[in-house]
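Structural description and commentary
Read off the chains here:
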Amino acid sequence: MSQIVVIGSCGVDFTTYAPRLPKPGETLIGNKFTTSYGGKGANQCVAAAKLGGKTSMICRLGNDQWGDKYRDNLEQVGVDTTHVKITPNVTTGIAQISVAESGENQIVIVPGANSYLSIEDVKNSADLITNADVVIGQLETPFETTLEAFKLAKGLKLLNAAPARSGIKEILPYCSILCVNEPEASLLTNTEFEIKNAVAILKQLLETGCESVIITLGPEGAVYISKIDQQPVHVFCERVNAIDTTGAGDAFVGALATYLVTYKDKPMHQIIGAACQVATMSVTKEGTQTSYPRKFDAFKKEY
Ligand code: ADP
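Below: a short report on this structure. (Residues numbered from 1 in each chain as written. Predicted model: local features only at pLDDT ≥ 70, side-chain atom pairs only at ≥ 80, totals over all residues. Heavy atoms only, no water.)

What follows deals with helix H6 (residues 182-189). The complete set of buried residues in H6 reads Glu184, Ala185, Ser186 and Thr189. Buried residues in H6 make contact with strand E9 (156-160), strand E10 (177-181), helix H7 (198-206) and strand E11 (212-216). (Buried < 20%, exposed > 50% of the residue type's maximum accessible area, 1.4 Å probe, protein only. Helix = DSSP H or I, 4+ residues; strand = E, 2+ residues; numbered from the N terminus. Contact = heavy atoms within 4.5 Å.)

Near the ligand lie 17 residues; those nearest to it are Asn181, Thr216, Gly218, Gly221 and Gly249. For the ligand, an oxygen atom lies 3.0 Å from a polar atom in the side chain of asparagine 181. Considered on its own, the ligand offers 560 Å² of accessible surface; in the complex 82% of this is hidden by protein. When residues of the shell around the ligand are traced back to their parent elements, those giving at least two are helix H8 (248-262) and helix H9 (268-282). Top contributing element to the shell around the ligand by residue count: H9, with three residues. For the shell around the ligand, the per-class residue count stands at nine nonpolar, seven polar and one charged. (Near = heavy atom within 4 Å. Polar contact = N/O pair within 3.5 Å; in protein donor to acceptor, adjacent residues only side chain to side chain. Areas by Shrake-Rupley, 256 points an atom, 1.4 Å probe, with all protein chains shown as cover. Nonpolar A, V, L, I, M, F, W, Y, C, P; charged D, E, K, R; others polar.)

As enumerated under the stated definition, the model contains five aromatic pairs in all. Taken together, a centroid distance of 5.4 Å and an interplanar angle of 75° make the contact between tyrosine 259 and phenylalanine 299 edge-to-face. Placement of the pair is tyrosine 259 in helix H8 and phenylalanine 299 in the segment after H9, with a sequence separation of 40 residues. In this structure tyrosine 259 comes out as buried when scored by relative accessible area, which is 3%. (Phe/Tyr/Trp six-rings, centres within 6.5 Å; stacked < 30°, edge-to-face > 60°.)

By volume, the second largest pocket is sized at about 430 Å³. In terms of lining residues, the second largest pocket is bounded by 20 residues, among which Leu156, Ile177, Tyr224, Leu260 and Met268 are the most central. Breaking the lining of the second largest pocket down by element, the ones donating at least two residues are strand E12 (222-226), H8 and H9. Counted by class, the lining of the second largest pocket contains 11 nonpolar, three polar and six charged residues. (1 Å grid on protein atoms, 1.4 Å probe; cavity = no way out; pocket = protein on both sides within 12 Å on 5 of 7 lines; lining within 4 Å. Points joined across faces, edges and corners; volume = space filled by probe spheres on them.)

The two faces of a sheet get side chains in turn, since along a regular strand they alternate between them. Counting buried positions over the five residues of E9 gives four, a clear majority of the element. Between strand E8 (residues 134-137) and its parallel partner E9, the chain crosses via helix H5 (residues 143-152), and the hand of that crossover is right-handed. (Right-handed = clockwise from strand over helix to strand, strands pointing away.)

Here we have nine strands laid out as an open sheet, ordered E5-E4-E1-E8-E9-E10-E11-E12-E13, and mixed in their pairing. A single partner strand is all that each edge strand has here, and the edge strands are strand E5 (84-87) and strand E13 (233-235). Within the sheet, the average angular offset between the axes of one strand and its neighbour, ignoring direction, is 15°. In this sheet, E11 lies alongside E10 in parallel orientation, the contact comprising four bridges. Paired with leucine 178 across the strands is valine 213, a residue of E11. Lying over the sheet, helix H1 (residues 40-50) contacts strand E1 (4-7), strand E4 (55-62), E8 and E9, oriented at roughly 150° with respect to E4. Against the sheet, H8 contacts E1, E8, E9, E10, E11 and E12, and its axis sits at roughly 170° relative to E9. (Pairing = 2+ DSSP bridges. Axes fitted to C-alpha atoms, helices over the stretch in contact; angles between N-to-C directions.)

Below is the structure:
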């Protein structure tokens, strides 16, 4: 049985790079094109697996040319794909991304098979979910499906409430850890996040019923609070030259899960410090899943 079960999205990112973004109706000649594997759920699962976590993914792929390729991509890093379902007559989730030299971008996402991840899929994976040490969910697949999985899970339930959206109150009392970035924390609390009001925001999020809250702060690391002692902690990360921060939050979530199950006796601030180190390493390389590090001794350092 897998220790870490991720229920969530898979997507293929098609990215074009051009001097500027096209105007409506305009055709532009670009200078670079990349295809990469993404989707928050799969990113988190791959991040956990690359660090040595025993992982399983519950997701939907389309029956187009990308479905099988995506499954192979997951298997190559050791993810168990028994519960990866290829869905007939639907496309695999994709994102079409245009990037201008200024760094500005335009993105069209077609969720495709991700929208078909159902409560029935959760029921079919009930054994896997109930026996997992950690179940991870996000908000790129149907909310009711993630909610059902969290209701079933007996281990830790880690919700990465991303992308930012409201209307998720019902799931928060089931969460062992709610993990969000600054814009997501702002949206959930209706308060503009600033470091000086971090403690108030952490406490406000704790009042939603979850057992603990982590807010990741990009280059400033992360803050954490737990219902047990209500003592906020700020864990800092290393200063690095960031090249590509895409998927940093997903690296953090995946690493957090692996370290939670591997180092059950370590205090939470050390687990968070190690997860920050993984996410920070990922921003020093281009790409998302390809930028996540393989197993290394994250606890050589003191946090
Ligand atoms: P998201 O990708 O969800 O917006 P964040 O930007 O908060 O999440 O980043 C998550 C983690 O990635 C941070 O806690 C930090 O460890 C690392 N990180 C992100 N950006 C940087 C950066 N510029 N320098 C160093 N570490 C970073």
